[in-house]
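Residues per chain, in single letters:
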Amino acid sequence: MKRILLSITSFLVLFYCTIIYAHDDNIIHPAITELSVSRSNIEQYLQNNLNFKNGLKTIFPSAGKYNVLQLLKDGSTAEDDISMCRASNHFLNSTKSWDAAGMSDSPWWINTVCNSWSPYFSAVTWATGFTSPTGTPIPYDPGNYKSPNVWASARSLYNKALTATTQASRESYFAQTFVAIGQVMHLLQDMSVPSHVRNDFQSHLIFNGYCANNTCSGNPIKWFGNPFEYYVKTHAGLVSQAASSPLSNPPQFTNPRLTDLWDTKNSGSSPLGLAQHTNTKYLSDSTIPNNQPSAIHTFPLPAINNTNTFICDDYEPGSTKKRKYFSRSACTPAGAARTVDHFATPSLLNNDTDIIPANITTLKLWLDDNVHKTYAGELLPLAIGYSSAVLDYFFRGKMEVKCLPVIENNKILYVKLDIKNTTPDESMPAGKLMLTGKYTDGSNQEILVKASFWTPDDDNLYDFYTVSNLDSGKTVEAVRFFFTEGNEIPLDKWDEIKLTLIYQGKLGNEEGAIVGKVFSPGKLKFNEEWNELVWQNRTVT
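Just so we're clear, the structure is a prediction, and the values are computed from it rather than from any experiment.

A. Layout of the nonpolar core. The biggest cluster of nonpolar side chains holds 129 residues, and the ones touching the most others in it are Phe 178, Ile 181, Trp 262, Leu 417 and Leu 435. Per element, the largest residue contribution to this core is 14 residues, and it comes from helix α13 (residues 369–394). For Leu 417, the contacting residues outside a window of four places in its chain are Val 401, Lys 402, Cys 403, Leu 435, Val 476, Glu 477, Ala 478, Val 479, Phe 481, Leu 501 and Phe 519.

So, in structure tokens, the structure goes:
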């Protein structure tokens with residue numbers, strides 16, 4: 001008997017591991033991520049602000065063979081692979097408060113297997129730590145892989161990468177940063193799946209047949225999965241097609257919060273968060289209002305009635321036979337380029353004579369592959385655009401630096417920095433400024449040094465300078481950083497050194513933001529008349 005129970009439990013664990021995922025984690029998520037990268041400004045940011053000359057092709061040798069782009073794609077896969085129960089936190093019912101918006105319709109055996117993860121977080125909380133649009137997010141706990149707030153993890157890793165004191169740790173932290181950002185992108189991409197924003201785990205229990213590729217053939221565990229996700233997985237070319245849609249561009253928010261990308265919690269704002277958009281405009285298998293869904297699967301939108309829904313004829317998927325479809329727009333004449341908008345189709349439970357406009361609100365409906373194709377054509381571009389906005393939000397802070405070294409006895413005593421916040425329309429109201437440097441020694445080894453801030457008020461050195469009220473376009477002048485014993489920069493290396501200025505603090509609406517600026521401070525030259533080194537001043541933009 002114990003052996004039977006163990007076998008059943010093992011099957012359920014394996015079964016669950018394959019069916020809870022939203023978009024396929026091996027094909028679709030990496031494809032969406034790659035296209036999101038191309039829609040974002042990350043390439044220019046990496047080159048212009050972090051001195052990654054190879055941009056997305058930059059590799060961190062100490063951390064492996066993968067470049068930035070591949071690390072982002074790996075992160076969008078890892079979010080599902082870290083733990084099978086982790087995906088329980090990938091749901092967001094935008095009609096509820098975020099602390100009650102997670103998955104709640106999972107069967108008993110899922111809750112048994114994932115008991116230690118209960119209660120489940122909503123996707124926006126899992127990604128950002130916030131349980132409401134305002135307030136303090138749940139802090140990320142790096143020692144607990146069940147801790148929410150993946151965004152804070154990425155910010156912390158980024159800060160460690162910029163302030164690292166060894167080449168190996170710097171490269172490791174940068175690699176981990178991009179993986180974590182990829183995980184956040186995954187959590188937003190899932191909001192383009194109707195079942196994940198309409199509390200519909202039940203739709204993952206629908207039989208779909210074998211996977212399209214041979215690796216799935218003969219494996220009963222692969223028979224199941226949400227029909228929309230399964231359709232997209234077996235028609236992966238839809239992702240590349242989605243990139244040509246204007247909807248694949250990043251959404252434009254005014255004075256945004258990070259959480260707005262998921263849910264603005266304001267039905268009147270434009271654009272909506274991706275979860276709101278999908279929730280209010282698309283159906284999932286268990287939440288079709290005509291089919292008398294359960295209370296937890298009932299949603300006010302999208303509404304189906306005689307004023308916004310039409311019944312049109314079109315061909316069944318892959319067939320010359322026609323069937324009826326519910327359309328969100330009036331049927332176009334026969335022979336027109338676009339004949340019908342596939343929103344839903346009457347099921348076989350209806351009598352053909354009953355499928356008339358007068359019965360629109362009572363006809364039983366289902367979602368076939370024509371419907372899935374229509375949904376994918378509208379939702380995949382949004383998945384690309386919104387997840388590209390994650391990259392642009394993470395890498396948005398900008399600073400301009402004017403650097404002046406103070407030289408005594410042919411030694412660099414300290415540097416004076418004029419620092420300007422050039423982030424468009426976002427202030428740096430409270431935070432810390434830190435300075436590090438990097439050069440290559442005679443053995444071709446990368447040496448990292450850290451400067452200390454000096455204040456004349458108490459004649460002490462500190463690890464950072466406290467900045468306040470640095471509005472967009474505003475400059476803080478003459479911030480003095482010393483390279484103390486053990487962190488000296490050889491004069492013969494000054495011309496090649498790269499300095500990194502780091503801001504840690506509030507940026508716009510985001511607490512705990514990290515902004516990095518890597519720059520070459522300029523050149524030193526020997527003035528024979530003065531018999532000393534002098535400075536060729538420059539401004540870094």
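B. Inspection of the pattern of salt bridges at higher detail. This model, assessed by the stated rule, comprises 14 salt bridges. For Glu 79, the salt bridge is made with Arg 86, and the minimal N-O distance between the two is 2.9 Å. Ionic pairing is found between Glu 510 and Arg 155, a salt bridge with its closest N-O pair at 2.9 Å. With Glu 510 in strand β14 (residues 510–519) and Arg 155 in helix α7 (residues 150–163), this residue pair connects regions lying 355 residues apart in the sequence. Residues Glu 510 and Arg 155 agree in their burial class; the two are buried. One continuous salt-bridge network, built from bridges that share partners, spans Arg 155, Arg 396, Glu 426 and Glu 510.

C. Main features of the packing of aromatic side chains. Across all of its chains, the model carries 21 aromatic pairs by this definition. Centroid distance Trp 117 to Tyr 145: 5.7 Å. Interplanar angle 70°. Geometry classified as edge-to-face. One end of the pair, Trp 117, is in the loop between α5 (108–113) and α6 (123–128); the other, Tyr 145, is in the loop between α6 and α7, and 28 residues separate them in sequence. Judged by relative accessible area, which is 48%, Tyr 145 ranks as partly exposed. Both rings, one in Tyr 282 and one in Tyr 375, keep their centres 5.0 Å apart while their planes meet at 75°; by these two values the pair is edge-to-face. Highlighted residues: Tyr 282 in the loop between α12 (274–281) and β1 (310–315) and Tyr 375 in helix α13, separated in sequence by 93 residues. Across the ring face of Phe 394, the terminal group of Arg 155 is positioned such that the distance to the ring centre comes to 4.1 Å. Its end group placed over the ring of Tyr 393, Arg 396 keeps NZ or CZ at 3.8 Å from the ring centre.

D. View of unusual backbone geometry. Note that the residue after Ser 118, namely Pro 119, is joined by a cis bond; omega there is -5°. Relative to the helices and strands, Pro 119 is located in the loop between α5 and α6. Here the amide bond leading from Leu 301 into Pro 302 is cis, since omega sits at 0°, within 30 degrees of zero. Summarising the element assignment, Pro 302 is placed in the loop between α12 and β1. The backbone of Gln 292 sits at a positive phi, close to 50°, despite the residue not being glycine.

E. A look at the pairing of strand β9 (residues 452–455). Because side chains alternate across β9, one face comprises the buried residues Ser 452 and Trp 454, and the other comprises Phe 453 and Thr 455, equally buried. Here β9 runs beside strand β12 (residues 475–482); their pairing, made up of 2 bridges, is antiparallel. When the bridges of β12 are listed, Phe 453 appears paired with Phe 481. Pairing between β9 and strand β10 (residues 460–462): 3 bridges, direction antiparallel. The partner of Thr 455 across the bridge, within β10, is Asn 460. Taken together, β9 and the strand that follows it, β10, pair antiparallel across an intervening segment of 4 residues, in which Asp 459 is found at a positive phi of about 55°.

Calculation criteria
- Residues numbered from 1 in each chain as written.
- Predicted model: local features only at pLDDT ≥ 70, side-chain atom pairs only at ≥ 80, totals over all residues.
- Heavy atoms only, no water.
- Core = buried A, V, L, I, M, F, W, Y, C linked by side-chain atoms within 4.5 Å.
- Buried < 20%, exposed > 50% of the residue type's maximum accessible area, 1.4 Å probe, protein only.
- Helix = DSSP H or I, 4+ residues; strand = E, 2+ residues; numbered from the N terminus.
- Contact = heavy atoms within 4.5 Å.
- Salt bridge = Lys/Arg side-chain N within 4 Å of Asp/Glu carboxyl O.
- Phe/Tyr/Trp six-rings, centres within 6.5 Å; stacked < 30°, edge-to-face > 60°.
- Lys NZ or Arg CZ within 6 Å of the ring centre and 35° of its normal.
- Pairing = 2+ DSSP bridges.

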